[in-house]
Amino acid sequence: MEDRDDKQREFQLKWFDIVMEEYNSLRNESSDALKHQQSIINYGLTAIGVLIAFSANLWGKEKIVESIFVLFIPFMCNLIILIWNGEVRRMSRAGQYIKSIEDKIHNEFIRSANISERSLEWETFLRKPKDRDSDHPETESSRNRVISWTLGLFSFLFKNDKEANNKIKSNYIAIIIMFGGLSILSILLGFGHDLSMFKKGTKVAGQELWLSWLDKNLWWLVIYTFLLLVDFLSFVYHYRYFQKVKK
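The shown structure was predicted, so the numbers you read here are calculated from the model rather than taken from an experiment.

About the cut-offs
Residues numbered from 1 in each chain as written. Predicted model: local features only at pLDDT ≥ 70, side-chain atom pairs only at ≥ 80, totals over all residues. Heavy atoms only, no water. Helix = DSSP H or I, 4+ residues; strand = E, 2+ residues; numbered from the N terminus. Expected span 1.5 Å × (residues − 1). Buried < 20%, exposed > 50% of the residue type's maximum accessible area, 1.4 Å probe, protein only. Core = buried A, V, L, I, M, F, W, Y, C linked by side-chain atoms within 4.5 Å. Contact = heavy atoms within 4.5 Å. Salt bridge = Lys/Arg side-chain N within 4 Å of Asp/Glu carboxyl O. Phe/Tyr/Trp six-rings, centres within 6.5 Å; stacked < 30°, edge-to-face > 60°.

Topic: helix α7 (residues 218-243)
Taking 1.5 Å per residue, 26 residues should reach 38 Å; α7 reaches 38 Å between its end C-alpha atoms and fits that length. Buried within α7 we find L221, Y224, D231, F235, V236, H238, Y239, F242 and Q243.

In structure tokens:
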């Protein structure tokens, strides 16, 4: 009987060691994914900054500037968001599995040692519903009204996911908006460069300038408008794709 208890105790210790080894491995993977996210943002902003500086030196002189603003910078922004989103989802998957390990260890402690207090609970804590109580209820309710109004305003574009564990962090939204806005602004600068180049080669001004510009560069403007629409839809896709990430 005592030998059987010793073997069971030894098995439990080995089981716990294996589970903790997997837990630590996933913790490292989650940490690596977070570091990769930061590296992607840093390198991406550096590369975009170099392209913008290069284009600024050639502004109004070379047609290639429009290619940089309309094609290269938007493509790079979308590529950065796509790769970054992949690392966010990688971190999320690791966190989801870590939570299942925390539950597994907690249930084993309850069964074997009758210990109800959680020994590991970080990922479980992150997935608890947010406390809606506030020391300043009037300020809190006003803020919630503003958020609800904003989400309602853009509900025709952005899917409103109501899952309790699908909360979007504001700093992540800021990153998507930053690169999405930068890509859209870049294409608008392409329009501006095309107009400035046309203005240099003509003597007309005012409304006649605009009409002449539209007439002479109609197909280019149609292409730029199409790329602007594609870029905006890509931004909406990235945003909705990010909403599926389980926090």
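Quick look at the nonpolar core
With 22 residues, the main nonpolar core has I48, I73, W84, Y172, F179 and F242 as its most contacted residues. Of all the elements in the fold, those that place two or more residues in this core are α1 (2-57), α2 (64-113), α5 (170-200) and α7. If we skip the residues at most four places from it in the chain, I73 touches I48, L51, I52, I68 and S186. Grouped together as the second largest cluster of nonpolar side chains are nine residues, F191, F198, L209 and L221 included.

With respect to the environment of L227
Along the chain, the position of L227 falls in helix α7. Relative accessible area serves as the criterion here: at 23%, L227 is assigned to the partly exposed category. Along the sequence, L227 and V70 sit 157 residues apart, while their C-alpha atoms lie 7.4 Å from each other. Those residues in contact with L227, other than ones at most four positions away along the chain, are V70, L71 and I187.

Looking at the pattern of salt bridges
A complete count under the given rule lists three salt bridges for this structure. Here E29 makes a salt bridge to R90, at a shortest N to O gap of 3.6 Å. Here the residue E29 occupies a position in helix α1, and R90 occupies one in helix α2, the gap between them amounting to 61 residues. Judged by its relative accessible area of 30%, E29 is partly exposed. Note that R90 and E87 form a salt bridge whose closest N and O atoms lie 3.1 Å from each other. Of this pair, R90 and E87 both sit in helix α2, three residues apart, which is roughly one turn of the helix. In the salt-bridge network here, residues are joined through shared partners; they are E29, E87 and R90.

Some thoughts on the packing of aromatic side chains
Throughout the structure, instances matching the rule amount to four aromatic pairs. Each ring, one from F232 and one from F235, has its centre 6.3 Å from the other, and the planes form 50°; the classification is tilted. Taken together, the positions of F232 and F235, both in helix α7 and three residues apart, correspond to about one turn of that helix. Its relative accessible area of 12% is what places F235 among the buried residues.

Regarding the side chain of D194
Structurally, the position occupied by D194 is in helix α5. Its relative accessible area of 1% is what places D194 among the buried residues. When neighbours within four sequence positions are excluded, D194 is seen to be in contact with K63, E66, W213, N217, L221 and Y224.

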